[in-house]
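In case you want the letters, here they are:
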Amino acid sequence: MKAKIEKPQIISSELRRDLISKDSVVISRTRNRQPQDYRHKGKPFFTPKSKCPFENLEKSGQRPPLLAIHNGQRLPLNGVFPVQWSTVIISNKFPILSPVEKIEIKTQGQFYETITASGFCELVISKDHKPRFHQLEIGQIKEMIDAYQWRYLELMDKKFVSYISIFHNCGKEAAASQSHNHSQIITSPLVDKDLARALANAREYEQRHNACPYCDMQVFDKQEGRRLIFENEHFMVVAPFASKSEFEMIITPKRHSPNFEEITEEEKSSLAQAFKKTLMALEKALNGPDYNFYLHTSPCDNAKSYPYYHWHFTILPVVKKIGGFELSTRLDVNTIEPEIAAQFIKKYLK
């Protein structure tokens, strides 16, 4: 009698569609990857103090500060660096945009056009040399958020500023040129296409349902619970249903708010705690991976024109390289289900 040959069980991948961007993402289950497979194997990138341009800002020829804080208090500026400071904002010596107030449009033949790339490029730097962002104390993280907000309010009304990008690169694999903790603020006369599409889709949802899509997703994610990683009084941290990358996380305010610059003092403290708790859990879970995080908020060309949007921070650990399939199809592939990633990180929360 012949032995019965069992057919191998077919594990199905999924296509998930993001409610806001309308992008589709492949959640691939066929590669049999486990969360621990993505643990970082190298040592954190570290710039020696002797080679760090942020260790002594005056000595390295940086321009006078645009904003300075000491222990939570904003300092008056007189064109020089304060004797004592704990967080400072300076102009980037190597800006990608030009801080000019005159935009010129030029044509090259009948096909091509150039426009002056006008924008402010600035660095938000903490005093201590060694700690990475998540290793700062909660009060220090809150001070970084103070700096984001205060400088945002100063830049938003400047000429040719339609959008303000606030982001942080932590580690060499996340494109940080220096290990010394610093974030970046870059203004743009344009609103990027991804955000413009998110704004349009959020508006369409609000018109159909008379509700904010982000707020509705919050209610569902809290009730369902599988992608909820952390929450406090003012914020939730979730793994998006259609995560474009492994271990992607969103920090979203519970209060509906289109504009980051309207964040309150209590919310800034809660946001600092959410960053600290989540990023420390990520470090323990994946052995200190490099990561990027960035803010998405309403454009500042007319701050009251986007009541249907909901600002948030996205955290993206650098755990893989992008392959030809993703580049050629613009279809992101995620080999860890967001539900599994969320519960894995959650185990390392303190």
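See the structure shown above.
Residues numbered from 1 in each chain as written. Predicted model: local features only at pLDDT ≥ 70, side-chain atom pairs only at ≥ 80, totals over all residues. Heavy atoms only, no water.

## Focus on the pattern of salt bridges
Right, so step 1: Summed over all chains, the structure comprises 26 salt bridges.
Right, so step 2: Two residues, arginine 33 and aspartate 37, come together in a salt bridge whose shortest N-O distance is 3.9 Å.
Right, so step 3: Residue class for arginine 33 comes out partly exposed when judged on its relative accessible area of 34%.
Right, so step 4: Across the pair lysine 49 and glutamate 55 runs a salt bridge, and its minimum N-O distance is 4.0 Å.
Right, so step 5: Relative accessible area serves as the criterion here: at 31%, glutamate 55 is assigned to the partly exposed category.
Right, so step 6: Among the charged side chains, a network of salt bridges with common partners joins Glu14, Arg16, Arg29, Asp221, Glu224, Arg226, Arg227, Glu337 and Glu339. (Salt bridge = Lys/Arg side-chain N within 4 Å of Asp/Glu carboxyl O. Buried < 20%, exposed > 50% of the residue type's maximum accessible area, 1.4 Å probe, protein only.)

## Considerations on the state of the cysteines
Right, so step 1: This model, assessed by the stated rule, comprises 0 disulfides.
Right, so step 2: Free of any disulfide, cysteine 170 has its nearest cysteine sulfur in cysteine 52, 14 Å distant.
Right, so step 3: Exposure remark for cysteine 170: the relative accessible area of 4% places this residue in the buried category.
Right, so step 4: Cysteine 212 takes part in no disulfide bond, and the closest cysteine sulfur to it belongs to cysteine 215, at a distance of 3.7 Å. (Disulfide = S-S within 2.5 Å.)

## A few points about the pairing of strand β2 (residues 24–27)
Right, so step 1: Here strand β1 (residues 14–17) runs beside β2; their pairing, made up of 4 bridges, is antiparallel. Each residue of the ladder has a partner; that of glutamate 14, found in β2, is isoleucine 27.
Right, so step 2: Here β1 folds back onto β2 in antiparallel fashion, the turn holding 6 residues, of which lysine 22 has a positive phi close to 70°.
Right, so step 3: For β2 and strand β16 (residues 332–334), the ladder comprises 3 bridges, and the chain directions are parallel. Its bridge partner lying in β16, valine 26 is registered against valine 333. (Pairing = 2+ DSSP bridges. Helix = DSSP H or I, 4+ residues; strand = E, 2+ residues; numbered from the N terminus.)

## Section: the nonpolar core
Right, so step 1: With 53 residues, the main nonpolar core has Phe133, Tyr148, Phe260, Phe275 and Phe313 as its most contacted residues.
Right, so step 2: By residue number, the principal contributor to this core is helix α4 (residues 265–286), which donates 9 residues.
Right, so step 3: With 11 residues, the next largest nonpolar core counts Ile20, Leu195, Ala198 and Tyr308 among its residues. (Core = buried A, V, L, I, M, F, W, Y, C linked by side-chain atoms within 4.5 Å.)

## Brief notes about the sheet that holds strand β15 (residues 312–317)
Right, so step 1: With antiparallel pairing, 11 strands are arranged side by side in an open sheet as β4-β3-β5-β8-β10-β9-β14-β15-β13-β12-β11. Each having just a single partner strand, β4 (73–74) and β11 (228–231) make up the two edges of the open sheet.
Right, so step 2: Pairing between strand β9 (residues 163–170) and strand β14 (residues 291–296): 4 bridges, direction antiparallel. If you follow cysteine 170 over to β14, its bridge partner there is tyrosine 291.
Right, so step 3: The sheet contacts of helix α1 (residues 138–155) involve β3 (67–70), β4, β5 (87–91), β8 (121–126), β9, β10 (182–188), β14 and β15, and relative to β3 the element is tilted by about 150°. (Contact = heavy atoms within 4.5 Å. Axes fitted to C-alpha atoms, helices over the stretch in contact; angles between N-to-C directions.)

## Considerations on the sheet that holds β1
Right, so step 1: Taken in spatial order, the 3 strands line up as β1-β2-β16 in an open sheet, and their pairing is mixed. The open sheet has two edge strands with one neighbour each: β1 and β16. If you compare each strand with its neighbour and ignore which way they point, the axes differ by 30° on average.

## Focus on the environment of arginine 16
Right, so step 1: Structurally, arginine 16 can be placed in strand β1.
Right, so step 2: The spatial distance from the C-alpha of arginine 16 to the C-alpha of phenylalanine 241 is 7.5 Å, given a sequence separation of 225 residues.
Right, so step 3: Once you skip the residues sitting within four places of it in the chain, arginine 16 turns out to touch Asp23, Ser24, Val25, Ile27, Phe241, Ala242, Glu337, Pro338 and Glu339.
Right, so step 4: Here glutamate 14 takes part through its side chain, which lies 2.9 Å from a polar atom of the side chain of arginine 16. (Polar contact = N/O pair within 3.5 Å; in protein donor to acceptor, adjacent residues only side chain to side chain.)

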